[in-house]
Amino acid sequence: ENAYESFHWIDADNSSDNVYTYFRTDGNGGEIAWANRYIPPYEKGHRKNEEEKLRDQEIKDLKEKTKGDRVLLTVLNLSGRDIPEYKIGVPAGPGYDCIIDTDATRFGGRGIRNKKYKVIKGECNGYGQYVSLPLPAFSAVILERRVSS
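Note that the coordinates shown come from a computational prediction; the quantities given were computed from them, not determined experimentally.

Thresholds, definitions, all that
Residues numbered from 1 in each chain as written. Predicted model: local features only at pLDDT ≥ 70, side-chain atom pairs only at ≥ 80, totals over all residues. Heavy atoms only, no water. Pairing = 2+ DSSP bridges. Helix = DSSP H or I, 4+ residues; strand = E, 2+ residues; numbered from the N terminus. Axes fitted to C-alpha atoms, helices over the stretch in contact; angles between N-to-C directions. Buried < 20%, exposed > 50% of the residue type's maximum accessible area, 1.4 Å probe, protein only. Phe/Tyr/Trp six-rings, centres within 6.5 Å; stacked < 30°, edge-to-face > 60°. Core = buried A, V, L, I, M, F, W, Y, C linked by side-chain atoms within 4.5 Å. Contact = heavy atoms within 4.5 Å. pLDDT = per-residue confidence, 0-100. Polar contact = N/O pair within 3.5 Å; in protein donor to acceptor, adjacent residues only side chain to side chain.

**So, the sheet that holds strand β8 (residues 127-135)**
Consideration 1: If you walk across this open sheet you meet the three strands as β4-β8-β7, and the pairing is antiparallel. Among the strands making up the open sheet, the edge pair consists of β4 (83-89) and β7 (120-124). Put simply, the sheet's adjacent strands are angled 55° from each other on average, direction ignored.
Consideration 2: Two strands pair when backbone bridges link them, and β4 and β8 are joined in this way by five bridges, in the antiparallel orientation.

**Let's talk about unusual backbone geometry**
Consideration 1: Although it is not a glycine, N18 sits at a positive phi angle of roughly 60°.
Consideration 2: Within the secondary structure, N18 sits in the loop between β1 (7-11) and β2 (19-25).
Consideration 3: By relative accessible area, N18 is classed as partly exposed at 26%.
Consideration 4: Unusually for a residue other than glycine, F138 sits at a positive phi of about 50°.
Consideration 5: Among the structural elements, F138 can be located in the loop between β8 and β9 (139-145).

**Some words on the sheet that holds β9**
Consideration 1: Strand order in the open sheet formed by six strands is β1-β2-β3-β9-β5-β6, with antiparallel pairing between adjacent strands. Two strands close off the open sheet at either side, each with one partner strand: β1 and β6 (116-118). The sheet shows a mean angle of 25° between the axes of neighbouring strands, direction not considered.
Consideration 2: When strand β3 (residues 71-77) meets β9, the two strands line up antiparallel, connected through six bridges. The residue of β9 that forms the bridge with L76 is A140.

**Some remarks on the packing of aromatic side chains**
Consideration 1: A complete count under the given rule lists three aromatic pairs for this structure.
Consideration 2: Between the aromatic rings of F7 and Y22, the centroid separation amounts to 5.0 Å while the plane-to-plane angle is 35°, which identifies the pairing as tilted. Of this pair, F7 sits in strand β1 while Y22 sits in strand β2, placing them 15 residues apart in sequence.
Consideration 3: Here the aromatic cluster, defined as three or more aromatic residues joined through ring pairs, consists of F7, W9 and Y22.

**Topic: the nonpolar core**
Consideration 1: Membership of the largest hydrophobic core comes to 19 residues, with the highest contact counts inside it found for L73, I88, V131, L133 and L143.
Consideration 2: Contributing elements (two or more residues each) for this core: β2, β3, β4, β5 (95-101), β8 and β9.
Consideration 3: No other element matches β8, which puts four residues into this core.
Consideration 4: Residue contacts for V131: discarding those within four places in its chain leaves L73, Y86, K87, I88, V90, Y96, Y117, K118 and V119.

**Looking at the environment of V119**
Consideration 1: By the element assignment, V119 lies in the loop between β6 and β7.
Consideration 2: C-alpha of V119 to C-alpha of A92: the two residues are 27 residues apart in sequence and 7.3 Å apart in space.

**Section: the confidence of the model for the protein**
Consideration 1: Looking at the protein, the pLDDT average stands at 85 and 85% of residues meet or exceed 70.
Consideration 2: Considering each helix and strand of the protein separately, the mean pLDDT is smallest for helix α1 (residues 29-35), with a value of 64, and largest for β4, with 95.

**Digging into the environment of E144**
Consideration 1: Looking at the element boundaries, E144 is found in strand β9.
Consideration 2: We classify E144 as partly exposed; its relative accessible area is 23%.
Consideration 3: Along the sequence, E144 and T25 sit 119 residues apart, while their C-alpha atoms lie 9.9 Å from each other.
Consideration 4: What E144 contacts, discounting residues up to four positions off in sequence, is R70, V71, L72, G95, Y96, D97 and I99.
Consideration 5: Among the polar contacts made by the side chain of E144, one reaches the side chain of R70 at a distance of 2.6 Å.

This is the structure:
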């Protein structure tokens, strides 16, 4: 595949932790990122104008269109320190499953990560939901979005 749209940075600027995160898709990365970005809730009693209604409908339609798309989340901890809990903003879904983990015992690691991670509601990296996982020093993990519970 050679489409730029299939690649999307989540956080390319975390030099303080030396952690980099991005996701790849089967071609709709830009649409997935746009549909899943964090939008603060409206104040109680707020009446949406036409532009807000159109935007909300566009987001709803894009989420529906891309909900079955394959999403692979890559997390790289290039630092020499363990990070016990690291939150990563992600495209919506019921959860993410670990498919490659360099910290697995079969690769000589400690095997401290789970195989499955649930998506938690809350703003992180510009997304309206996130996953939280431990990041052992000098490790990488690839998670795949679950399409159904």
